[in-house]
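Structural features, examined
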Amino acid sequence: MSKIVLCVDDSATMQQVADITFRGTEFTYVGARSFDEGMEKARAQKPTVILADSHMPGKSGYDLCLALKNDPATAGVPVAILVGNAAPYDAARGTQVGADANLPKPW
C-alpha cells in the first residue's frame with residue numbers, strides 16, 4: 001500500500017517541486033490548490049502527511065491545519081506548514097492550530 005503525501009499550495013511551481021520531490025519514493029503525490037480542495041482530498045485520499053502552504057488566497061495553511069485537526073476523519077494526520085520568505089512561520093499560530101513543527105522525516 002502506497003503512502004500518500006498531500007501538498008496543498010496555490011503555487012503551480014511549488015506543486016511541481018513537490019511532485020518531482022516525491023517521484024521514485026514510496027509516496028504517492030496528490031496536489032490541491034486551495035483550502036476547499038485540500039479538505040476534500042484529505043478526506044477522500046487519507047494521506048500519510050499533509051504539506052500546507054502558510055499563505056494562500058482565502059483560507060491559509062494555518063486555517064487548513066485547524067480544520068483538519070477538528071475533523072475526526074483527518075485529526076490524526078500530521079500537517080507541516082510550508083513557509084517562504086514573504087510569509088515566515090508564525091510559531092504562535094502554528095502552535096494554536098496544532099501544526100506539527102517537528103515532524104519526523106518518514107522517507
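Cut-offs used in this document
Residues numbered from 1 in each chain as written. Predicted model: local features only at pLDDT ≥ 70, side-chain atom pairs only at ≥ 80, totals over all residues. Heavy atoms only, no water. Buried < 20%, exposed > 50% of the residue type's maximum accessible area, 1.4 Å probe, protein only. Helix = DSSP H or I, 4+ residues; strand = E, 2+ residues; numbered from the N terminus. Arc of directions from axis to C-beta. Contact = heavy atoms within 4.5 Å. Polar contact = N/O pair within 3.5 Å; in protein donor to acceptor, adjacent residues only side chain to side chain. Pairing = 2+ DSSP bridges. Right-handed = clockwise from strand over helix to strand, strands pointing away. Lys, Arg positive; Asp, Glu negative; His and termini not counted. Salt bridge = Lys/Arg side-chain N within 4 Å of Asp/Glu carboxyl O.

Moving on, we get to helix H1 (residues 12-22). Within the sequence span of H1, burial applies to Gln15, Ala18 and Phe22. All buried residues of H1 fall inside an arc of 65 degrees around its axis, so they share one side. With respect to the buried face of H1, the exposed residues turned more than 90 degrees away are Thr13 and Gln16. Packed against the buried residues of H1 are strand S1 (3-8), strand S2 (27-32) and strand S3 (49-53). For H1, the capping residue at the N-terminal end is Ser11, with a side-chain oxygen 3.3 Å from the backbone nitrogen of Thr13. Positive phi shows up at Gly24, right after H1, with a value of about 75 degrees.

As judged from the 4 bridges shared by S3 and strand S4 (residues 79-82), these two strands associate in the parallel manner. Residue pairing in the sheet places Asp53 in a bridge with Leu82 of S4. Since S3 and S4 lie parallel, the crossover through helix H3 (residues 61-70) that links them has a hand, and here it is right-handed.

A word on unusual backbone geometry. With phi around 55 degrees, Lys46 is a residue other than glycine that occupies positive phi space. Note that Lys46 resides in the loop between helix H2 (35-45) and S3. With relative accessibility at 55%, the residue Lys46 sits in the exposed group.

Right, let's get into the side chain of Asp53. By secondary structure assignment, the location of Asp53 is in strand S3. It is Arg33 that comes nearest to the buried, bridge-free Asp53 among opposite-charge side chains, at 8.7 Å. There is a polar contact of 3.1 Å between the side chain of Asp53 and the backbone nitrogen of His55. Setting aside anything within four residues of it in sequence, one finds Asp53 in contact with Val8, Asp9, Asp10, Ser60, Gly61 and Leu82.

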